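Per-entry structural report
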Amino acid sequence: MFSSVLRTSFTALRAPTRTPALALASPSLAFARRYITQEARSKIQQAVTSSPVVLFMKGNPEAPQCGFSRAAVQVLDIHGVPLEKLKTFDVLEDSELRQSIKEFSDWPTIPQLYVNGEFVGGCDILLNMHQSGELDELLVKAGVVPPEEPQEQSQSQN
């Protein structure tokens, strides 16, 4: 008899169970997220479609302000992306752009690459695609760079 009374009273004193952090990040609690304004979304949409290749970066191609942005510019240069088909935006000049682009793409880091209006990824994705050959395929398919022509055999015989 006493054991059931004690068990009941100790149960009431137990700390409440905690909600896992993962549950707090669910879409049903999306009100906790910061949403970008419709005006910012529209400006970013115009920006990503303003040129065949768009790079949101820290700094500019001549003077990148972080190593990841420098690497992204170098990879695009290796692939021969012409300057007339590349447009860059310096997120350090506009704090709203810096935050809004992350929410627009749902990608947490800068730089961010877009090809023909489609989000490709950040520096890590760009490097992986470069190493695997996927980036070259994407740029050729998008008409950004011409397909690589095989070397003629006559050149190799000379």
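Up top you'll find the structure we're talking about.
Throughout what follows, the structure given in this document is the object of discussion. A quick note: this is a predicted structure, and the numbers were derived from the prediction, not measured. Within any chain, residue numbers begin from 1 and follow the written order of that chain's sequence. In keeping with the model being predicted, local features are shown solely for residues with a pLDDT of at least 70 and side-chain atom pairs are shown and tallied solely at 80 or more, while totals for entire chains, interfaces and linings include all residues. Remark: hydrogens and water are excluded; side-chain values derive from all non-hydrogen atoms of the structure.

It is worth spelling out the packing of helix α6 (residues 123-132) against helix α7 (residues 134-141) at this point. Lines are fitted to the C-alpha atoms to define the axes, a helix being fitted only along its stretch in contact, and any angle between axes, read from their N-to-C directions, falls within 0 to 180 degrees. In this description a helix means any DSSP run of H or I spanning at least four residues, a strand means any run of E spanning at least two, and both kinds are numbered starting from the N terminus. Close contact between α6 and α7 brings their axes to 5 Å; oriented N to C, the two are set at 90°. Classed by the angle they form, the pair α6 and α7 counts as roughly perpendicular. Residues Leu126, Met129, His130 and Ser132 of α6 lie in contact with α7, whose contacting residues are Glu134, Leu135 and Leu138. Three categories are distinguished: nonpolar for Ala, Val, Leu, Ile, Met, Phe, Trp, Tyr, Cys and Pro, charged for Asp, Glu, Lys and Arg, and polar for the others, with Gly belonging to the last. Here the residues of the contact of α6 with α7 are counted per class, giving four nonpolar, two polar and one charged. Angle categories: roughly parallel below 35 degrees, roughly antiparallel above 145, roughly perpendicular from 65 to 115, and oblique for all the rest. Contacts are assigned to residue pairs that have any heavy atoms within 4.5 Å of one another.

Before going further, it helps to spend a moment on the nonpolar core. Put simply, a nonpolar core is a bunch of buried Ala, Val, Leu, Ile, Met, Phe, Trp, Tyr and Cys residues held in one set by side-chain atoms that sit within 4.5 Å of each other. Buried means the residue's accessible area, taken with a 1.4 Å probe over protein chains only, is under 20% of the maximum for its type, while exposed means over 50%, and partly exposed covers the values in between. In terms of nonpolar packing, the biggest core is built from 18 residues, with Val53, Leu55, Leu76, Val81, Leu113, Leu139 and Val144 touching the most fellow members. Where this core is concerned, the elements lending two or more residues are β1 (53-57), α4 (67-78), β5 (112-115), α6 and α7. Top contributing element to this core by residue count: α4, with four residues. When near neighbours in sequence (up to four residues on either side) are disregarded, Leu76 contacts Val53, Leu55, Val81, Leu86 and Leu113. Listed in part, the 13 residues of the second largest apolar core include Val48, Leu97, Phe104 and Ile110.

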